[in-house]
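Residue-level listing of the chains:
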Amino acid sequence: MKKIVICAWAVMLLLTVGASAAPIGVGVVAGPVVPIVQADQGTGFAYGLKVRLHLAEPLILEPNLTLGGYGETTIAGVGTRDGSSVNHYGLDLVIGGGMASTGPKPLMFIGGAIYNVKRDGDVTVNKSGWSFGLGLAVGLMSTFDIDLRGRVNIVASEGSASKKSAEITAGATYYFGS
Amino acid sequence: MKRSKIILAVAAAAVIVIAAGCIMTGTFVITVKLVPPGPVTVSNADYTEGRQQVDLTQESDFADNQDKIKDIDNIGFYASVKNNLNDPVTFQLFLEKDTAKDWDSAQEAADSCTALILTSLTIPGKKTVTIDWNESLKYVTGLNDIKKILETGHFSLYPVAIPRDNFSLTIDSLVIIVTLTGG
């Protein structure tokens, strides 16, 4: 399933880049994933891809794909528990963080995604979720940004509850067509 | 510029609404140590120490969330169990929802308890097997059948083995680990 999603995502990216006349950013992100009020998960790691598409000033659309998961957690006297793998793909609406320009560019975003949460001993979750966050991008060149973002993920779970996590990611983006 | 500020305000309001609605639930891990004190020895011939009563309500995370439980995520164990006989046995744990009930033999417990919740753990002859939290989950069965019982916070556990008519176990450690989402 993961391979199919990645392939579909890559095909969509290539088609979009090829068809568009406006600058398009393609970036990578990576950083820690911190569970929020989840005593059965530890801090893990996530990495992913994003595309930046200019929508209308100051809005940018970002299809994204993130792979990774939580780390293991330990409770004294009973041992450790593996963390869940967490993969999600979705779409963010970004305000700020302008494309293909130099200098500091603060941004905020809100997005929706499909989250796959999996671990031995737990029911596998494939549910929709929301995320939001803040960040700062810095355009080093008109074709290249680096950025730092904090994202809070809120994923539906059983019993009308939700599971939350924070991702703190560093990223780099290259702009085609700028 | 004005349009940017309006968009920013709408986005910020949406984030606050979403966050406020979702931030209150959490996932908690409750552990209850049943053994030690002990060790506890149970056998087909002497089952007087078989029943292990569990009261989750004595644990603050459970008590604080008992009326707001959204889901019981899972039940796991930490256990260290010795097979005192030469032949291998299969260790099992049965759950009984009525804590007032007690049974005098392993066979009676296995026949009468509400649910089998841990099974297929083989212990070689004269050996001690220790399973931790992570490993225990692959031996857990029937979680969906006992979620409502776990939510009450009160139940009993009965350790037994196969063959029913020829086993002797010394339990050096038994801790139950309940993971729940609530709030």
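Note that the coordinates shown come from a computational prediction; the quantities given were computed from them, not determined experimentally.

A few words on the overall build of chain A. The helix and strand tally for chain A stands at 1 helix and 10 strands. Relative to its full complement of 178 residues, chain A shows a buried share of 41%. By sequence separation, contacts in chain A at least 24 residues apart represent 55% of the contacts at least 6 residues apart.

What follows is about the overall build of chain B. Scanning chain B from terminus to terminus reveals 5 helices and 9 strands. Along its sequence from the N terminus, chain B presents helices and strands in the succession α-β-β-β-α-β-β-α-β-β-α-α-β-β. Within chain B, residue pairs in contact and separated by at least 24 positions form 84% of the contacts whose partners lie at least 6 positions apart.

A word on the interface of chain A and chain B. Tallying the contact residues gives 30 residues for chain A and 29 residues for chain B. Elements with a minimum of two residues in the side of chain A that touches chain B: β5 (79-81), β7 (103-118), β8 (125-141) and β10 (162-176) of chain A. Classifying every residue of the side of chain A that touches chain B by side-chain character gives 13 nonpolar, 9 polar and 8 charged.

Residues and elements named next belong to chain A. Here strand β3 (residues 59-71) pairs with strand β6 (residues 85-96) via 9 bridges, running antiparallel. Residue pairing in the sheet places N64 in a bridge with G90 of β6. As paired strands, β6 and β7 are joined by 12 bridges and run antiparallel to one another. The residue bridging H88 from the neighbouring strand is Y115, located in β7. Hairpin connection of β6 to β7: 6 residues between the antiparallel strands, including G97 at a positive phi of 60 degrees.

Once that is clear, we can look at unusual backbone geometry. The amide bond that connects E57 of chain A to the next residue, P58 of chain A, takes the cis arrangement and shows omega of 5 degrees. Structurally, P58 of chain A is set in the loop between β2 (42-56) and β3. Looking along the chain, the bond that leaves P36 of chain B and enters P37 of chain B is cis, with omega of 10 degrees. By the element assignment, P37 of chain B lies in the loop between β1 (26-35) and β2 (40-43). One non-glycine residue with positive phi stands out, namely V37 of chain A, at about 50 degrees. With respect to the helices, strands and loops of the structure, V37 of chain A is situated in the loop between β1 (24-36) and β2. Positive phi values are uncommon outside glycine, yet K126 of chain B reaches one of about 60 degrees. Along the polypeptide, K126 of chain B turns up in the loop between β6 (115-123) and β7 (128-131).

One recurring pattern in soluble globular proteins is that nonpolar side chains are buried together. Counting residues in each nonpolar core, the largest one holds 45 residues, and the members touching the most others are F77, I177 and V178 of chain B. Of all the secondary structure elements, the ones that give two or more residues to this core are β1, β4 (69-83), β5 (89-96), α3 (106-112), β6, α5 (143-152), β8 (154-162) and β9 (168-182) of chain B. If near-sequence neighbours (up to four positions away) are discounted, F77 of chain B is found in contact with L118, I131, S136, L174, V175, I176 and I177 of chain B. In this structure, I24, Y89, A100 and A113 of chain A belong to the second largest nonpolar core, which totals 24 residues.

All names here are of chain B. Strand order in the open sheet made by the 4 strands is β3-β8-β5-β6, with antiparallel pairing throughout. A single partner strand is all that each edge strand has here, and the edge strands are β3 (52-55) and β6. The mean inter-strand angle of the sheet, taken between neighbouring strand axes irrespective of direction, is 25 degrees. Sheet analysis places β5 next to β6, joined by 6 bridges and oriented antiparallel. Paired with T90 across the bridge in β6 is T122. Across the face of the sheet, α5 comes into contact with β5, β6 and β8 while running at roughly 105 degrees to β6.

All names here are of chain A. The strand order β1-β2-β3-β6-β7-β8-β9-β10 describes a closed barrel built from 8 strands, whose pairing is antiparallel. This sheet shows a mean twist of 25 degrees between the axes of neighbouring strands, independent of strand direction. As judged from the 13 bridges shared by strand β9 (residues 144-156) and β10, these two strands associate in the antiparallel manner. Residue pairing for β10: V155 is matched across the bridge by K163.

Residue and element names in this part refer to chain A. Structurally, Q41 is set in the loop between β1 and β2. Judged by C-beta crowding, with 27 C-beta atoms within 10 Å, Q41 ranks as buried. In sequence terms Q41 and R81 are 40 residues apart; their C-alpha atoms lie 7.6 Å from each other. Q41 has contacts with P35, Y70, T73, G83 and S84, leaving out every residue within four places of it along the chain.

Residue and element names in this part refer to chain B. When pLDDT is averaged across chain B, the result is 87; 87% of the residues are at 70 or more. Mean pLDDT per element in chain B: helix α1 (residues 2-22) is the minimum at 60, and β7 is the maximum at 96. In the predicted complex, the global pTM is 0.82; the interface-specific ipTM is 0.79.

Let us look at the environment of F167 of chain B. Residues and elements named next belong to chain B. Relative to the helices and strands, F167 resides in the loop between β8 and β9. Spatially, the C-alpha atom of F167 lies 16 Å from that of S80, the residues being 87 residues apart in sequence. Apart from the residues lying within four places of it in its own chain, the contact partners of F167 are S43, N44, L85, V89 and A161.

Each value, and the rule that gives it
Residues numbered from 1 in each chain as written. Chains lettered and ligands numbered in written order. Predicted model: local features only at pLDDT ≥ 70, side-chain atom pairs only at ≥ 80, totals over all residues. Helix = DSSP H or I, 4+ residues; strand = E, 2+ residues; numbered from the N terminus. Buried ≥ 20, exposed ≤ 12 C-beta atoms within 10 Å, placed from the backbone. Contact = placed C-beta atoms within 7 Å. Nonpolar A, V, L, I, M, F, W, Y, C, P; charged D, E, K, R; others polar. Pairing = 2+ DSSP bridges. Core = buried A, V, L, I, M, F, W, Y, C linked by C-beta atoms within 7 Å. Axes fitted to C-alpha atoms, helices over the stretch in contact; angles between N-to-C directions. pLDDT = per-residue confidence, 0-100.

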